[in-house]
Each structure stands twice: as structure tokens, then as C-alpha cells.
Number of protein chains: 4
Amino acid sequence: MIKEIKKIGVLTSGGDAPGMNACIRAVVRTALHKGLQVTGIYQGYQGLIDANFKEMDTRSVSNIIQRGGTILKTARCLEFKTTEGRKIAYDNLKAAEIDALVVIGGDGTFTGANFFSKEFEIPIVGIPGTIDNDLYGSDYTIGYDTANNTVIEAIDKIRDTAASHERLFFVEVMGRDSGCIALNAGIAGGAEAILLPEKETAIDDLISHLEDGAIKKKSSSIVIVAEGDQNGGAYYVAKKVKEKFDHYDTKVSILGHLQRGGSPTSFDRVLASRLGFAAVNEILAGNTRITVGLRGNEIKTTPIEEAISNKEIKLSPDLLEMAEIL
Amino acid sequence: MIKEIKKIGVLTSGGDAPGMNACIRAVVRTALHKGLQVTGIYQGYQGLIDANFKEMDTRSVSNIIQRGGTILKTARCLEFKTTEGRKIAYDNLKAAEIDALVVIGGDGTFTGANFFSKEFEIPIVGIPGTIDNDLYGSDYTIGYDTANNTVIEAIDKIRDTAASHERLFFVEVMGRDSGCIALNAGIAGGAEAILLPEKETAIDDLISHLEDGAIKKKSSSIVIVAEGDQNGGAYYVAKKVKEKFDHYDTKVSILGHLQRGGSPTSFDRVLASRLGFAAVNEILAGNTRITVGLRGNEIKTTPIEEAISNKEIKLSPDLLEMAEIL
Amino acid sequence: MIKEIKKIGVLTSGGDAPGMNACIRAVVRTALHKGLQVTGIYQGYQGLIDANFKEMDTRSVSNIIQRGGTILKTARCLEFKTTEGRKIAYDNLKAAEIDALVVIGGDGTFTGANFFSKEFEIPIVGIPGTIDNDLYGSDYTIGYDTANNTVIEAIDKIRDTAASHERLFFVEVMGRDSGCIALNAGIAGGAEAILLPEKETAIDDLISHLEDGAIKKKSSSIVIVAEGDQNGGAYYVAKKVKEKFDHYDTKVSILGHLQRGGSPTSFDRVLASRLGFAAVNEILAGNTRITVGLRGNEIKTTPIEEAISNKEIKLSPDLLEMAEIL
Amino acid sequence: MIKEIKKIGVLTSGGDAPGMNACIRAVVRTALHKGLQVTGIYQGYQGLIDANFKEMDTRSVSNIIQRGGTILKTARCLEFKTTEGRKIAYDNLKAAEIDALVVIGGDGTFTGANFFSKEFEIPIVGIPGTIDNDLYGSDYTIGYDTANNTVIEAIDKIRDTAASHERLFFVEVMGRDSGCIALNAGIAGGAEAILLPEKETAIDDLISHLEDGAIKKKSSSIVIVAEGDQNGGAYYVAKKVKEKFDHYDTKVSILGHLQRGGSPTSFDRVLASRLGFAAVNEILAGNTRITVGLRGNEIKTTPIEEAISNKEIKLSPDLLEMAEIL
């Protein structure tokens, strides 16, 4: 029998991503509209353990849809990886009369949620929020589109100076083990070459390719290096290329944490709002241990275990082929 | 029997949209890579009639992926609506040995292409390029995402001043008969109400809604009005609302043509590149009178007649429901 | 004898401008650092009359330096224009033990401050905050640089579509009776012509100029029209030009209130911080009925009466000459 | 006796800066308007030696005012540091009948110009173009304002993620030996501390300051490190701080070359246009071996030798004081 849900909790966990605030707003406002109470849990799973809770009303989420980061903060939490930790968390939830949870985050967040909801009788729905776009079950994760735009704005700027000096730039972008941002940025940024974790590229092949291209013509070019690339990062790759082309002016740029911030794009705000809205509806429909995601143009659910374990590569074959041609 | 394709022409027609240049670039580079020649046709169908042609090489499309507008220009062309006009166009194509066409544009562009390819033996593939997102066969048209972002950046700015003065703003956005931009902007911009062409909203209902909301609390709010809304535009709606709330400070903002320009977003650049790449491949595969589009996360084709005639509404039901709640 | 200052009040009044928050932050933090207490006064002079006060600490102004609008809100206030209204305001200040005021705003704000400080013994320092840049005593007013950038970003977008369609655009920009934004935008935006309030331009002369230029070459161009221009606004000017060039495609864009919002530029944040810092120091030095401003690269004070009455035109002669040439 | 000037050459040299294109455009259009011919010299002084010249007309500089980088390219040139190199350059100028030069760049560019114009009878006017703002004779150099805005946009993004995770960020910004960008970014970005080349800061003092502030409160903060800071760069400083606060989460971000690119701000476009306009007028007035600059709100000239040798520090005392307080 499904216990009636009167109050839900919402938290953000793992790396922050632009659009998390828009998602929190949608969870809170949808839940209030459906007659639920909502508790904001601060600092992810750490906040569950510390009972770092705050009741949310409509005004708690006013004027945040356009803000980067997360008003609920986020943190990594080792204690929640232990049964003892999760027990404390559960007791806190009971004490606060929170009947269900919406968790916004990535891989690690979902893994924690899976353990927690199996051990204790607490319905949980996960929402994929990470700039890395490395989760199964949603074509896009919250924050990915904003990060892509941040990256190409940076590349557009770097191209200005690269072209003025006829330089070769190695630009390292985020994404952990996923090459989604790198592939996207490479195509949208008009890069000469893209090094991806999902696809081995020998440095010698890169060098030959560059020899045929920009370096021969003495013009500028940009090589995108995913942070998860096997070769060892942009500095290493640049050094190896430089050994071969010592007469050529090369520079490295590690875009870094600015990729995590910024006002979310229209796409991320709408995606985040849709997923927050859907998550509350799923909880009210009695569903648990699932994630909500956008597939095609529709919102679909995925069992949380599948969302974690399915390592399907998200790089479209046409994009990979285009990367060679354009 | 399919005639061998050696040279293709590419043109942009109708209203311009950000990402058209990225699309032209992909068409040109893919075609060159596949051993084809490419002719750029200036000013849309007018350029077909005037034989306003220019051979394109790799460098013709260098450094344009990030630029708004279209380097091939665009124009409306009455003459192409006549059989005589299309005959001239065909003769020009033959004289220039152009074997197939890629046309980038909207409804009117596809209608012209349909007539033309039926009358004459010329393979044509259409690519949906319009900020209005009003074409069947692709979840997104080229330029729509950029326009959405331009609109929400404007709304974010307007909200700053609305909140400082506690004013009510009526913001009119583009989209012709489609409410896609308005609905998206309303949700992403956190609007109080959204007036859409696809959904009748009596002004009295709007007034009641505003009475319950912002005006009672004397805070700011924003009403999005689609340019195709039946009520007659933002000025008219604002006037009607003002009659009722004469003590309340209301302002109107017509965002206008800035919605058509700007550097394309990452999403639009990648979409445009994928569709340009696909269009050339379809031509080489012997297909004609089709459009290419993104459906879900895959590139799909649609018969051009269906793309024109299918008037399916593209507003997702969950978005419409959310518009009431958030 | 100068009364010792223990507590100051700060308010924003008149039209809001980006950077007002950065200025409030600087006033609050500088005052606290110097051992003063600070009261935020909401909704400008209306808040003085309504005793709409709130004590400010360091955290009250955290994370606002980058935000458009004003957290203290602003309003126009008729009652403060009467002696009775100002008497109420004074009594409220006394009751709250506020010893001095920093007022951020424009012409009208300074006029009110001048009356008020003459009638009652209350030291007041004014800070020029308005996008119009129409105040004597500071080369730049807070918000002007941000508005200039908002305008040229809009013009850059409009130029994309103007160039694609070879159209003539009339773009109306804000500035009330001042042509500062228009002149700046015209030069920075590469406009074909600029209509300014400070300089009569006969529409016939504009037409001749356009005939010689863009229209003859059938290319695109942009005409900037200041909202204070004598000819009657962009719609009227466009209509007149259209009568002469009926074959030519003309469009009008009224940029509107988005010019008032947005995250302040680096320049405006630093200017606002400097002026807020200086205003508190001036109050502590026993000065009153002055405004602080940036002249050259230094902060200077101006008697508030001179700031109001001096109508010196702020358009640099070289800019006016360049407008004809570039 | 002053030789009549019929043709001038224009080049960009040293590091590129946003606004150089707007400046080239102003030089070309002003010169053409005054009846001169204009030659574009590619790749700075290297182009003088290689006679890499191209005649410029009005259309050569169309649609570039908004573009980052420099269409004339730039390069460093060792050969021009030799008398032999400069002799070749001079012969090329004579052969091309170029009577005077406008050079846009920084310190090194002006030093080269000074030597060259002393050795040979060629009038030269320098225009300060560098993001570093490290030249005497102009309150602002071309590109500095754009770089400041690029930096604060990056800091705003980093602050989003810093605040969500309660982290301490060390952000390294450009500026070579000048702390202008760092000081400006620190104030406009609301930084906790700023390390400048012009002012020694012991790491122990930084640590004490951080201890009193953010770290004690366990909130986020940002430390700006100028690349020219004596302590040895952001990585080193972060490492030292980390040794003391090993429980605290610190991150480093080197903003890098994106600071050199991007569409110039309104301020930089107008500044660049004014200086380009002024440089041509100075040449026509028979002046040489000077630079043009903005001082206060007026265009002023400075002998090129003074522009090079005067090492006056450009950090305003009030900004330095504010950096401690805000």
C-alpha cells in the first residue's frame, strides 16, 4: 500500500550545474500547487545527515530561475556512503515528516538514492543534473546546454586571438569521462581536431592531421581536448605536438570551473522546469526509484538502476563522422 | 534513373535565422569532401532567377559558423511563384550545370521548392531554418534556440527594471502564427501569464488572473504576448488591462527584429551542421523532395509535402500545463 | 558645528539603472567599515514618507554587485514635492536617528534632495545614477555604460538581419532629452545616421544622406533615433523616409525598457563602487548638498545646485564630427 | 618642411586586443574622407619588412567594428629590432609611396616606432592598443574595457559554483606587469583579496585575511591573482594557502587567452574610433612621434618617448583603498 504523500524534500548533490535553481523552483511550485508541503535540504546528502532543513514556500524560489549554482548548495558526503549515515538521514526525514525525496544530481547522487530507497521505505525520484551529460535515460542533462554555450563563447574569443596571431590552441574542456561537451564544442566551435575519451586518437595521427591542415597553411587552429581524454590532458598533448613543430606558436587554455556557472540557457531552464514538474507528478503517482528525463521531445522515466548502470555512449554517429569532415 | 550529381547549389530563403551560416558551411564542406562542386545562390529564389551565383570553396565558409544572418542573403521573390519565373530559374541552373539544390528556409521556401522540383527534374532537399519553429518534421528549426535565448536575455533585463519599479510589463515576442517562442519564453522567463495563438485567452480571464496575482501583492510581473495572439498584440492587451487597473503602472515592450539576429547558440550551430551534413548525404543517396530534421536525437527525413501540410501543434502538453502552475 | 554622524540612510530614486546595487553595496560596506550604522530606505522618497526602513549589515548587500535593478526599489513620489511631505520625511528620519542621507538617482532626485536639505538640517550627498548620462558633474553616470552595451548588442543583432535582407532599420534608443546613448550607439554600432535632440536634423537632409548611401547601393543600414529627437520618434521618421523610398524595405525597432536592466558592466560596477565609497567619505568630512562624480580619472564633488542647473551638453565635439565621417 | 601626406599605412603589432578592428576602420575611413589613400600592412612590423601590403577602401573595413582580433593580423618581429630590418622596411614604404604610419599596439610597438621614425624621415603616430592598460598617456588603452568585462563575466560564473560548494577560488588574470585588470576585476567581481604586481602581499598576510573572512564562516570566496604578481602565480599561492587550510576546498582557475578576444564593448569601440580619427588628424597636422590617448574626457597627445618611459602607476589610490574595504 502506498503511503499518502504530504510533504516532500528536495536536494541538489554532486557537482553543481546551471539550471538546478530552475529545477528546484519547479519542484517547489508544482508540489505546493498540488497541495504538498516542501522542505529544502541544504548541502545534498550531508544536509540529510545534519537535518539542515528549511520549509519552502512560493517566495523561497522567486527570482531564481535565471541564476546559476544552487540555492540549496551541494556537497560531497562520505558519511552517506555508510549504512550508519543513511540511518541517521532516514531518522531525520521521519522526524521532519518528509515522505518522499526529489534528488537532483549525477551518477553518484543516483547511486546514493538507490541504496537509500532500497534500505528504507522512502520514495525517491532522481533528476539528472550535471554539465557532463553522462547519464542514461535523458538525451540532455540539466546544465549541459549552458556549459556548451559557455565553452563556445570562450572558443569564439580564443579564435579571435588565435587568428590574429596564427597560433595553434589546445583547449581543454570539462566532462569527466564523457566527451559530450568536447564533441559538441568541437563542432560548434569549428575546431581542427577533437580528442575524446570514447575514441582513441594517437598523438602521431593528430600531428599528421595538423600537418596537413593549419600548420602547413600557417593559419590558426583550435584542438579541443576532453578532460577525460586518454592522452593525458591539453598540456601534455600540446607539449608532444610542440616537440614536432617547434617553429609553430602553440598555446594551452584550460577552461576550468567557469564551465559550471552562469545563468542557465533557455533550453536548460525549460528542461529543468519540465523535469522538476514531472518528478513531483511521478511521486504523486506512487512511483519510486526512477529518474525522469527528456527523450526525443517527451518526458520519460527510467529505473534508477538502469540510469546508473547503462553506459551507452551518447555521442551520435553523425556527429563523430562530421567531426572528421567539417 | 538517377542522374549523377556533380554540382549542387545552396540557398537561403524567407526570414533569416541564426545558424543559417553554420548550415551553409556544413553543406559546402560536406559536399566538397564528397567530391562535389558547390554553387552559392544569393538572395534566395531571386538569385535563381537572376543567376546570382558564386562558386564556393572551403575558404568561402571559413569563420562564419559563429555569425548571425546569412552570407548568401535572403529575399522574398514573387516571380518564383509564377511558372515563367521558375522556368528562368531552371534554365539558369542548367546553364550553370547545377544538378541539385539544398534550400534552407521555412514554409514558403519549401512550398516553392515543392512546385519547382515537381515541374522540373531537379532534386531538392529542404532544411528547416526559421526562428518560429513552425515546421513539421523537426522538433527544432534552425534559429529557434538562439531566438529563445535572445528573448529570455531581454526578459531578464526587463524583469530587473520591472521589479525595481513594481511594474506590469507586456512583452511581445515573435513567432508568426506559432506560440513556440512565447510559451518557451514564458516558462524560461518566469512570466505571470502567456498569450498564445494556439489557445484562446479572454482578456477578462487574464485580468482576473493578474488580480489574484501580482497586482494584488503590488509586485512586478511580466505577461508574454505572442505576435500571433488573437487578442491583437501587446499594446492592445495592455490598454485593455490598463482600463481596469488604472492605478497600476504598465509598460509595453515589443522585442522586434533583434530576435532574428545574434551569434547562434551551441545548439543551433550543431543542429545546423547536422542538417547540412544530412542534406548533402540525402542528395547523394538519390533522395529528393524531402526535408531533413531532428526528431528525438536522430536525423530523420520527411516528404516535403508533409512538412508543409501537417499543421500539428508543437506545444508540448506538459509545457502548457506548467505555464498555469509555475 | 557639525553634528556627529552615527547613522546614514541610503535610497535609490527615479528611473532605475544597472549598477545601483553595486553602489548601495559600496555605501553600506564603507559606512560599516567606518563605524557607522546604515539604514536602507525602500522606494525612494516614498519610503522616507512611509518610514519604509530596514537596517543593513554586510550580508544585506552580499552577492548583489552583479545584479541589475535596485534591491531598495525605486518609485516616483509626488508627496515629497510638497513641504508637508518633506516634513513627514524629516520626522521619520529623526525618529529613526538617521543623521545623513546618500541619494542615488538623477535630476529629479537631486532636486528633491536640494529642497529637503535646505529646509531641514540633514546632510545629503547625491550620486548620479541614470542611464541617460544627462547630469553635470560626472563624465559618466551609473548605468550609462551598461545601457550603451545593451544597445550595441541589440544593434549587432539587428545588423545581422538587416544585412541578410538589405533593409533599412530605424532604431529608437532611450536617453530622454539627452543624445548621449544615441551618439555613442551610433558610433559603436556603425550607424548610417544619428538623430539627436541636441542637433536639429531635417528629415529631407536625412533622406538625401540615405540616398547617397545605402539606398543607392541597395545594401543595409541603420539609423539611430534618440527618443528625445525633435522629429517625433522612429516611427514617424521611418514613415517620412518610406514615403520617399516606397520600394525600399524599412523596419522600426524601439528598444524599450530592456535598456534599463541587465547585469552592470565592469565599468559601471567600479564607477558605482567608487562613487558609493566617496559619498560616505564626503559625509564623514562634513560635506553636504554636493554630488560626487568621476571627472577624468578622479572623483570630484559638485554643489548639488550646479549639478541640477548646469545644462552643458555632454556630446564631445570629436564624436559629433566622427558621426558624419565613419 | 613638412612633406605633403598622400598615403598612409596602418598596422597592428604586439598582442592583439579587442577594438583594434574598430580602430583600423576609423583610421581608414577618416583618411579616405580627408582625401588620403590608405595601405593596410599585415602582421605588424613583419609586414613592413615583407611588403605585405594591401590597399584599403571603405568596404575593406565594413562590418568589422564589432569583431575581436585584428583583420591586419599581428606578429612579433625580431628583424625590425635591427637597423638592417628597419632599412628594408623603409625601402618598402618608399617603394609603395607610403608617407606616414599609424601603428596600433603597446610598449614594444611604440619602441619600434620610435627607433624607426628617428632613423628615417617617416611621420608616425601611435595608438595605445593592449588589454594590459600599461601605457602612459591614455587613461584607457584599447581592449582594456573588453578584457575587464570578459574577466568579470568569468568571475560571475565561477562565483556561482564557488557559492554552491563553499569553495575558495584563486583566479589568475592577465595584465603582464600591470595590476589594472586584477584590481578592476577584484572590485567589480567582489573578490575577497587581490594580489597585484604593484603591491607586495605576503602570503602569510593573505592567509590571515582569509582566516578572518570566508574560511572562518565556511562560505565561498575568490582571490584574484595578477599574472605579474611577485608570489609566483595562482597555482603557487593556492598551494601555499592549502598547506595551511588543508580541510578547505580550494580550486585554481587561469583565465588565459579568452581574455584577449571577444566582440569589443561599446566603450572600446568608441575609444578605438576616437583614437583612430585623432591619429589621422595628427598626421595631417604635421605631427609625428606622438601617441594619441584619452585623458579625462578629451583626446590628448603624448610624445612617444614619454609614453614609453613614463612608468607612472595607473592604479587609483581610492581603488586600492576600496579593495581593502569592500
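On a predicted model such as this, the values are computed, not experimentally measured, just so you know. (Residues numbered from 1 in each chain as written. Chains lettered and ligands numbered in written order. Predicted model: local features only at pLDDT ≥ 70, side-chain atom pairs only at ≥ 80, totals over all residues. Heavy atoms only, no water.)

Next up on the list: the side chain of A:Thr130. Structurally, A:Thr130 can be placed in the loop between β5 (124–128) and α5 (144–165). Excluding its chain neighbours within four sequence positions, the residues that come into contact with A:Thr130 are A:Ala17, A:Gly106, A:Leu135, A:Thr141, A:Ile142, A:Gly143 and A:Tyr144. (Helix = DSSP H or I, 4+ residues; strand = E, 2+ residues; numbered from the N terminus. Contact = heavy atoms within 4.5 Å.)

Time to look at the relation of the copies chain B and chain A. Of the transformation placing chain B onto chain A, the axial shift is 0.0 Å and the rotation is 180°, giving an RMSD of 0.0 Å. What the superposition gives is, in effect, a two-fold axis relating one chain to the other. Judged by C-alpha distance, B:Gly296 is the residue of chain B that lies nearest the rotation axis, at 1.5 Å. Of all interface residues in chain B, 100% are interface residues in chain A too; the two copies therefore contact each other through one and the same surface. (Least-squares fit on C-alpha atoms with pLDDT ≥ 70 in both.)

Further remarks concern the relation of the copies chain D and chain A. Superposition record for chain D on chain A: RMSD 0.0 Å, screw rotation 180°, translation along axis 0.0 Å. Taken together, the interface assignments show that 100% of the residues at the interface of chain D recur at the interface of chain A, consistent with an identical surface on both copies.

In this section: the pattern of salt bridges. Under the defined criterion, the tally for this structure stands at 53 salt bridges over all chains. Across the salt bridge formed by A:Glu324 and A:Lys199, the nearest N and O atoms sit 2.9 Å from each other. On the criterion of sequence distance, the pair formed by A:Glu324 in helix α12 (residues 317–325) and A:Lys199 in the loop between β7 (193–195) and α7 (203–212) is long-range, its members being 125 residues apart. We classify A:Lys199 as partly exposed; its relative accessible area is 35%. The shortest N-O distance in the salt bridge between C:Lys118 and C:Glu305 comes to 2.3 Å. Taken together, the residues span a long stretch of sequence, with C:Lys118 in helix α4 (residues 107–119) and C:Glu305 in helix α11 (residues 304–309) at a distance of 187 residues. Here the salt bridges share partners, and the residues they tie into one network are A:Asp132, A:Asp134 and A:Arg176. (Salt bridge = Lys/Arg side-chain N within 4 Å of Asp/Glu carboxyl O. Buried < 20%, exposed > 50% of the residue type's maximum accessible area, 1.4 Å probe, protein only.)

Taken together, the contact pairs 42 residues of chain B with 42 residues of chain A. Across the interface of chain B and chain A, roughly 3,700 Å² is buried in total on both sides, 56% from carbon and sulfur atoms. In terms of surface lost to chain A, no three residues of chain B exceed B:Phe277, B:Ile325 and B:Leu326, which account for 17% of the buried area on that side. In this structure, the connection of chain B to chain A is made through six salt bridges. Between A:Asp156 and B:Arg269 there is a salt bridge; the shortest N-O distance is 2.7 Å. Put simply, chain B and chain A have 15 residue pairs in polar contact (both at pLDDT 80 or more) between them. Elements with a minimum of two residues in the side of chain B that touches chain A: α1 (20–33), α5 (144–165), α6 (180–188), α10 (266–284) and α12 (317–325) of chain B. Element by element, the count of residues in the side of chain B that touches chain A is highest for α10(B), at seven residues. (Buried area = accessible area lost by both parts, 1.4 Å probe. Polar contact = N/O pair within 3.5 Å; in protein donor to acceptor, adjacent residues only side chain to side chain.)

Chain D puts 31 residues into the contact, and the matching count from chain A is 31 residues. Here chain D meets chain A over a buried area of about 2,400 Å², counting both sides, of which 52% is carbon and sulfur. Where chain D packs against chain A, one counts zero salt bridges. Our count for the contact surface shared by chain D and chain A stands at 14 residue pairs in polar contact (both at pLDDT 80 or more). Elements supplying a minimum of two residues to the side of chain D that touches chain A: α5 (144–165) and β9 (250–254) of chain D. Broken down by element, the side of chain D that touches chain A gets its largest block of residues, nine residues, from α5(D).

A surface patch of like charges, here negative, comprises A:Glu153, B:Glu153, C:Glu153 and D:Glu153. One can find B:Glu153 in helix α5. (Patch = residues over 30% accessible without salt bridge, like charges linked within 9 Å, V, L, I, M, F, W, Y side chains within 5 Å. Areas by Shrake-Rupley, 256 points an atom, 1.4 Å probe, with all protein chains shown as cover. Lys, Arg positive; Asp, Glu negative; His and termini not counted. Charge placed at Lys NZ, Arg CZ, Asp CG, Glu CD.)

The next subject is the packing of helix α1 (residues 20–33) of chain A against helix α10 (residues 266–284) of chain A. All names here are of chain A. In the contact formed by α1 and α10, the axes pass within 7 Å of each other and the chain directions differ by 35°. Regarding α1 and α10, the two cross each other, and that crossing is right-handed. Together, Ala-22, Cys-23, Ala-26, Val-27, Thr-30 and Ala-31 of α1 and Arg-269, Ala-272, Ser-273, Gly-276, Phe-277, Val-280 and Asn-281 of α10 make up the contact between the two elements. Here the residues of the contact of α1 with α10 sort into eight nonpolar, four polar and one charged. (Axes fitted to C-alpha atoms, helices over the stretch in contact; angles between N-to-C directions. Left-handed = near helix turned anticlockwise from the far one by under 90°. Nonpolar A, V, L, I, M, F, W, Y, C, P; charged D, E, K, R; others polar.)

All names here are of chain B. In spatial order, the strands read β7-β8-β6-β9; together these four strands make up an open sheet with parallel pairing. In this open sheet, the two edge strands, each paired with only one partner strand, are β7 (193–195) and β9 (250–254). Sheet twist, expressed as the mean angle between neighbouring strand axes with direction ignored, is 20°. For strand β6 (residues 168–173) and β9, the ladder comprises five bridges, and the chain directions are parallel. For Phe-170, the partnering residue across the bridge sits in β9 and is Val-252. Packing of helix α7 (residues 203–212) onto the sheet brings it into contact with β6, β7 and β8 (221–226), and relative to β7 it is tilted by some 165°. (Pairing = 2+ DSSP bridges.)

Relative to the helices and strands, B:Arg25 resides in helix α1. Among buried Asp, Glu, Lys and Arg side chains, B:Arg25 stands out as unpaired, with A:Glu192 the closest opposite charge at 8.0 Å. Apart from residues no more than four positions distant in its own chain, B:Arg25 is found in contact with A:Gly190, A:Leu326, B:Val61, B:Ile64 and B:Ile65.

What follows covers the sheet that holds strand β10 (residues 290–295) of chain B. Residues and elements named next belong to chain B. Read across the sheet, seven strands follow the order β3-β2-β1-β4-β5-β10-β11 without closing on themselves; strand pairing throughout is mixed. If you trace the sheet from one side to the other, it starts and ends with β3 (53–56) and β11 (298–303), each paired once. Mean inter-strand twist for the sheet, computed between neighbouring axes without regard to direction, equals 30°. Direction of pairing for strand β4 (residues 100–105) relative to strand β5 (residues 124–128): parallel, over a ladder of five bridges. Its bridge partner lying in β5, Val-103 is registered against Gly-126.

Below, the discussion takes up the environment of B:Thr130. Residues and elements named next belong to chain B. Judged by relative accessible area, which is 7%, Thr-130 ranks as buried. Between the C-alpha atom of Thr-130 and that of Gly-15, which follows or precedes it by 115 residues, the distance is 6.7 Å. A polar contact is formed between the side chain of Thr-130 and the backbone nitrogen of Asp-132, at a distance of 3.0 Å.

Attention shifts here to helix α9 (residues 234–244) of chain C. All names here are of chain C. Three or more residues of α9 are buried, namely Ala-234, Val-237, Ala-238 and Val-241. With its buried residues spanning 100° around the axis, α9 presents them on a single face. Of the residues in α9, the exposed ones pointing more than 90 degrees away from the buried face are Tyr-235 and Glu-243. Residues of α9 that are buried make contact with β6 (168–173), β7 (193–195), α7 (203–212), β8 (221–226) and β9 (250–254). (Arc of directions from axis to C-beta.)

Tallying each qualifying case throughout the model produces 30 aromatic pairs over all chains. Ring geometry for D:Tyr90 against D:Phe120: centres 4.6 Å apart, planes inclined by 15°, an arrangement best described as stacked. Here D:Tyr90 is found in helix α3 (residues 83–95), whereas its partner D:Phe120 is found in the loop between α4 (107–119) and β5 (124–128), with 30 residues between them in sequence. Since its relative accessible area comes to 13%, D:Phe120 is described here as buried. Taken together, the ring pairs in this structure connect A:Tyr140, A:Tyr144, A:Phe267, B:Tyr140, B:Tyr144 and B:Phe267 into an aromatic cluster. (Phe/Tyr/Trp six-rings, centres within 6.5 Å; stacked < 30°, edge-to-face > 60°.)

Next up on the list: the nonpolar core. Among the nonpolar cores identified, the biggest contains 292 residues, and A:Ile8, B:Ile8, C:Ile8 and D:Ile8 are the most heavily contacted of them. The residues contacting C:Ile8, other than those within four sequence positions of it, are C:Val27, C:Ala31, C:Leu36, C:Gln37, C:Val38, C:Thr39, C:Ile98, C:Ala100, C:Val102, C:Val280 and C:Ile283. (Core = buried A, V, L, I, M, F, W, Y, C linked by side-chain atoms within 4.5 Å.)

Looking now at the UniProt feature "binding site: Mg(2+)" (unreviewed entry) in chain A. UniProt records the feature "binding site: Mg(2+)" (unreviewed entry) for A:Asp107 in the present numbering. Exposure remark for A:Asp107: the relative accessible area of 25% places this residue in the partly exposed category. (UniProt positions renumbered as here; feature names shortened; annotations may be inferred.)

Turning our eyes to something else, we now look at the domain arrangement of chain A. Residues and elements named next belong to chain A. Along its sequence, chain A is organised into domain 1 (7–143 + 264–309) and domain 2 (145–260). Once you take the C-alpha centre of each, domain 1 and domain 2 turn out to be 34 Å apart. On the side of domain 2, twelve residues touch domain 1, which itself brings 14 residues to the contact. For the pair domain 1 and domain 2, the number of links is two salt bridges. Residue Arg-176 is joined to Asp-134 by a salt bridge in which the shortest nitrogen-to-oxygen separation is 2.9 Å. Run the count over domain 1 and domain 2 and you get eleven residue pairs in polar contact (both at pLDDT 80 or more). (Domains from an automatic or database assignment.)

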